[in-house]
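# Descriptive structure summary
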Amino acid sequence: MNISTAIKSTFSIVWKNLILTQPPILFLLVMSLLIGGFNRVAANNSVFIIFVASLAFLSIAFLAGWFNMVKKTIAFELDESVSSEDKAVKSFGLVKYFFPGVGEYFLPILGLILIFIIFSLIGSFFVLKLGVILFGAPDIEFIKKSLEITTAPEMQLYLNSLSEEKLLPILNWFMYIFAVQTFAQFILMWWVPAMYYKTKNPFISLWVNFKFLCKNLFPTIGILMFLVVLNIMISLISSVFNTNAFLSLISFLLFFFYVAYYVVLIFLYYGQNGESSAKDYINSGDDCDGEKLAGDSSSEEN
């Protein structure tokens, strides 16, 4: 499958299965309620640590289940034995794969995140050192002020108030951090799909990610550039729509559509161009236990 086909197919899959956007929305709402409720309660350090750990485990459970749901949705949509009408009717049934995914992939996702955190901390040290050499020390006053600002218009006014001499290093740091984040996204893009399609071992799946990247270097660059441009467009639309409550709701939903689109695109491309096990899984329409997916005719009879 080439890039253009993957991009078009992904839009079709997400549009026909908007159920994929619901778990991230519900997860964000639950997290907001939990954090908001905790802020109203006086708590000691022990309670705070338990609360943070609970949020972390909740986040891991969400990712494990949602990624599994994405994997099943792609197989479901590419199953040619199911008619379009049946797919539309049974799309909502795909949510049943969320909780099995939590049980099956919780520990692999936990391992992946721990490895990612360790590498991020080590990498951040060297990135910061290099940034200081290139652009000087970060502006602490600007960082403190940025944390106090809550809206885009306020940030724009603050940036306009800065002199060109003070603004240039800040912009350099922004571009530098953006470049580093984009590079990290580039070299780790296929890590999660490799875990779900090839092996649950986070170390081996990381190696599989690098192998797939080397074999699909230019397609990966093309997909990354497309996603970055799409993200910038979504951000610009959101900044414009924030002036109106109804338009803000649209930008909110558009953001979650983008998140679902991002994940489905990398899963789809890896599944169709990765190792034979990934392609065989997608083409078979079987779930991880060997049972047919929601759209299979045998499921209808049962």
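Preceding this paragraph is the structure being described.
Every value quoted in this text rests on a predicted model; they were computed, and no experiment measured them.

### Details of the environment of Ser-205
As for its placement among the helices and strands, Ser-205 is situated in helix α10 (residues 202–215). Accessibility expressed as a relative area gives 0% for Ser-205, which makes it buried. When the C-alpha atoms of Ser-205 and Pro-193 are compared, they prove to be 8.5 Å apart, with 12 residues separating the residues in sequence. Ignoring sequence-local partners within four residues, the contact set of Ser-205 consists of Trp-191, Ala-194, Met-195 and Thr-199. Among the polar contacts made by the side chain of Ser-205, one reaches the side chain of Trp-191 at a distance of 3.1 Å.

### A look at the side chain of Asn-216
Position of Asn-216 relative to the elements: it lies in the loop between α10 and α11 (217–241). Note on Asn-216: relative accessible area 12%, which makes it buried. Excluding residues within four positions of it along the chain, Asn-216 makes contact with Tyr-269 and Asn-273.

### Digging into the pattern of salt bridges
With the rule as written, the count across this model stands at 1 salt bridge. Close ionic contact of Lys-200 with Glu-104 constitutes a salt bridge, the shortest N to O distance being 3.0 Å. Of this pair, Lys-200 sits in the loop between α9 (191–197) and α10 while Glu-104 is found in helix α5 (residues 98–135), placing the two residues 96 residues apart along the sequence. Its relative accessible area of 37% is what places Lys-200 among the partly exposed residues. The partly exposed category is assigned to Glu-104, whose relative accessible area is 22%.

### Side note on the packing of aromatic side chains
One pass over the structure, following the stated rule, counts 26 aromatic pairs. Arranged with centres 5.2 Å apart and planes meeting at 80°, the rings of Phe-98 and Phe-99 form a pair that is edge-to-face. A relative accessible area of 66% places Phe-99 in the exposed class.

### Points about the environment of Phe-226
When you line up the elements, Phe-226 lands in helix α11. For the pair Phe-226 and Ile-3, spaced 223 residues apart in sequence, the C-alpha to C-alpha distance is 9.8 Å.

### Some details on α10
Helix length check: α10, at 14 residues, gives a terminal C-alpha distance of 20 Å against a target of 20 Å (1.5 Å per residue), a fit within 8%. Taken together, the buried positions of α10 are Pro-202, Ser-205, Leu-206, Val-208, Asn-209, Phe-212 and Leu-213. The buried residues of α10 all sit within an arc of 160° when viewed along its axis, so they share a single face. Along α10, the residues that are exposed and aim more than 90 degrees away from the buried face are Phe-203, Trp-207, Cys-214 and Lys-215. The elements touched by buried residues of α10 are α5, α8 (164–187), α9, α11 and α12 (245–273). Looking at where α10 begins, the residue whose side-chain oxygen comes 2.9 Å from the main-chain nitrogen of Phe-203 is Asn-201.

Cut-offs applied
Residues numbered from 1 in each chain as written. Predicted model: local features only at pLDDT ≥ 70, side-chain atom pairs only at ≥ 80, totals over all residues. Heavy atoms only, no water. Helix = DSSP H or I, 4+ residues; strand = E, 2+ residues; numbered from the N terminus. Buried < 20%, exposed > 50% of the residue type's maximum accessible area, 1.4 Å probe, protein only. Contact = heavy atoms within 4.5 Å. Polar contact = N/O pair within 3.5 Å; in protein donor to acceptor, adjacent residues only side chain to side chain. Salt bridge = Lys/Arg side-chain N within 4 Å of Asp/Glu carboxyl O. Phe/Tyr/Trp six-rings, centres within 6.5 Å; stacked < 30°, edge-to-face > 60°. Expected span 1.5 Å × (residues − 1). Arc of directions from axis to C-beta.

None of the figures reported here should be taken as evidence of function without further support.
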